[in-house]
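Structure at a glance
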Amino acid sequence: MPVRPTRPDAVQRLLSGADPELHLGLLAGQDSVGVALVPNRLNRHTFWCGQSGSGKTYALGVLLERILLTTRLPVLVFDPNSDFVRLHEQAAGADPRQAEALHDREVVILRPDDAQSPLRVRFTDLTSRAKAAALHLDPVVDRAEYNALLRLFAGDFQTVDAGQIVPHLRSLGDPDAEALAQRIENLGVIEWTTTWAFGATPATDVIARRPAATVLDLGGYERHEEQLTVALAVLDDLWARRAERRPLLIVVDEAHNLCPPDPETPLGVAVRDRLIQIAAEGRKYGLWLLLSTQRPSKVHAGIVSQCDNLTLMRMNSREDLEQLASVFGFVPRGLLAQAARFRQGEALLAGGFVPMPSVVRMRRRVTAQGGTDVPVPMP
């Protein structure tokens, strides 16, 4: 049968929708056609990827802005590189009307070194598995110390001050409790003064009241173990509250830091396993993931396979493109192959959150981007 090009006005009706505030950008090759977000299909997990320099982080900021402007879906961002810590600030040259609308939304930035809005968690609030992971305790190999830890929090001992734990253990006169106290001291866990609440409001309480957006500046920690501990505390708390069925978009930037295929530490394994569980079962409870990374192979396959939405920016690796093609079978291979030729800021959007698979040039940001490239020194 004969084939003819689709008229631009028909393409516009299909892709643009009725509200220009929903547009993520313009259709590549069609400067007058905006590609609209379908917000009620954000209740699916999303995979967001692109190699370094593709504009992946900037584009993710565009999506977060559109969500804040056009929906009431709360957003939680795990931000390991401090790229979204200025999500509450207006970018230079931004549309003042949109900037004002974003200013009216509550955006909370929690940072380890911020006296007013610290990013802290309570050791006593951690699950038994999380406490044990932070202390490198195995329930079989270290059964005596593990049991001492369980007994410590099974009784009346409750404290918001992690600094009280070692003195209390030593006061018990029990050899297993003494061994646990020595372990805690040797690992220096209590010395993570920017991790533990010590009376401050924990991040879990802030997230529980559901601001429009909450950004966790994990990049402010010196140790990766501190990042993992805070992430685990937050994810465990969200899972414990899952029966409340309160919608939340959980954005994990540089997701390979929290859910690699093979974590090297007990904390890493615990964080990855919780994300796998949320990916597999969280959707029905309103816990929806958006995972951003440079390469699909750097994220656990069991999580990527649960994603129904895809954003792909420039990707030169043929191996990575083949992996994406095998996971996201609903995306035409011809469109995936174009990713090697994308310019900075161009992206393939596919899945339920856009009307149809489309290559888009992302619109400008309204808010400021936290991280920037380091310039090359010049004479």
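Considerations on the overall build of the chain
Counting its regular elements, the chain contains 13 helices and eleven strands. The C-alpha atoms of the chain give 23 Å as radius of gyration, which agrees with the globular expectation for 379 residues (21 Å, within 12%). Along the first, second and third principal axes, the C-alpha set of the chain runs to 85 × 55 × 45 Å. Taking all 379 residues of the chain together, 53% fall into the buried category. Contacts in the chain between residues at least 24 apart in sequence constitute 74% of all its contacts with a sequence separation of at least 6. For the chain, the separation between the mean place of its 42 positive charges and that of its 45 negative charges on side chains is 9 Å.

Examining the sheet that holds strand β8 (residues 287–293)
If you trace the eleven strands from one edge of the open sheet to the other, you get β2-β1-β11-β10-β9-β3-β8-β7-β4-β6-β5, paired in mixed fashion. The sheet is open, and its two borders are formed by β2 (34–36) and β5 (107–110), each paired with just one other strand. Across this sheet, the average inter-strand angle for adjacent strands is 25°, counted without regard to direction. The pairing of strand β7 (residues 248–252) with β8 spans five bridges and is parallel. In the sheet register, Leu249 faces β8, and the bridge partner there is Trp288. Its contacts with the sheet put helix α9 (residues 224–240) on β4 (75–79), β6 (213–217), β7 and β8, and the angle it makes with β4 is roughly 155°.

What to know about unusual backbone geometry
Leave glycine aside and you will find that most residues have negative phi; peptide bonds, for their part, are mostly trans. Within the chain, Phe198 stands out as a residue other than glycine whose phi angle is a positive 50°. Here Phe198 lies in the loop between α7 (175–187) and α8 (203–208). At Arg210, a residue that is not glycine, the phi angle is positive and equals roughly 60°. Mapped onto the elements, Arg210 comes out in the loop between α8 and β6. Of the residues examined, Arg210 reaches a relative accessible area of 18% and is grouped as buried.

Things to note about the packing of aromatic side chains
The way to describe two aromatic rings as a pair is by their centre distance and the angle between their planes. Per the stated rule, a full pass over the model turns up six aromatic pairs. Summarising the aromatic geometry, the rings of Phe328 and Phe330 are spaced 5.9 Å apart at their centres and angled 90° between planes, so their arrangement reads as edge-to-face. In textbook terms, an aromatic cluster arises when at least three aromatic residues are bridged by ring pairs, as seen for Phe123, Phe153, Trp192 and Trp196. Positioned over the ring face of Tyr285 is Arg242, at 5.7 Å from the centre of the ring. The ring of Tyr58 carries the charged tip of Arg365 above its face, separated from the ring centre by 5.5 Å.

Focus: α9
Taking 1.5 Å of rise per residue, 17 residues should cover 24 Å, and α9 covers 24 Å from first to last C-alpha, within 8% of that figure. Of all 17 residues in α9, 14 are buried, a share of seventy percent or more.

Re the pattern of salt bridges
Across all of its chains, the model carries 26 salt bridges by this definition. Residues Asp142 and Arg183 are paired through a salt bridge, measuring 3.4 Å at the closest nitrogen-oxygen approach. Highlighted residues: Asp142 in the loop between α4 (128–134) and α5 (143–154) and Arg183 in helix α7, separated in sequence by 41 residues. By the burial criterion, Asp142 is buried, and Arg183 matches it. With its nearest N and O atoms 3.6 Å apart, the salt bridge here joins Arg283 to Asp308. Taken together, the residues Arg283 in the loop between α10 (266–281) and β8 and Asp308 in the loop between α11 (301–304) and β9 (309–312) connect sequence positions 25 residues apart.

What counts, and where the lines are drawn
- Residues numbered from 1 in each chain as written.
- Predicted model: local features only at pLDDT ≥ 70, side-chain atom pairs only at ≥ 80, totals over all residues.
- Heavy atoms only, no water.
- Helix = DSSP H or I, 4+ residues; strand = E, 2+ residues; numbered from the N terminus.
- Rg over C-alpha atoms; globule rule 2.2 N^0.38 Å.
- Buried < 20%, exposed > 50% of the residue type's maximum accessible area, 1.4 Å probe, protein only.
- Contact = heavy atoms within 4.5 Å.
- Lys, Arg positive; Asp, Glu negative; His and termini not counted.
- Charge placed at Lys NZ, Arg CZ, Asp CG, Glu CD.
- Pairing = 2+ DSSP bridges.
- Axes fitted to C-alpha atoms, helices over the stretch in contact; angles between N-to-C directions.
- Phe/Tyr/Trp six-rings, centres within 6.5 Å; stacked < 30°, edge-to-face > 60°.
- Lys NZ or Arg CZ within 6 Å of the ring centre and 35° of its normal.
- Expected span 1.5 Å × (residues − 1).
- Salt bridge = Lys/Arg side-chain N within 4 Å of Asp/Glu carboxyl O.

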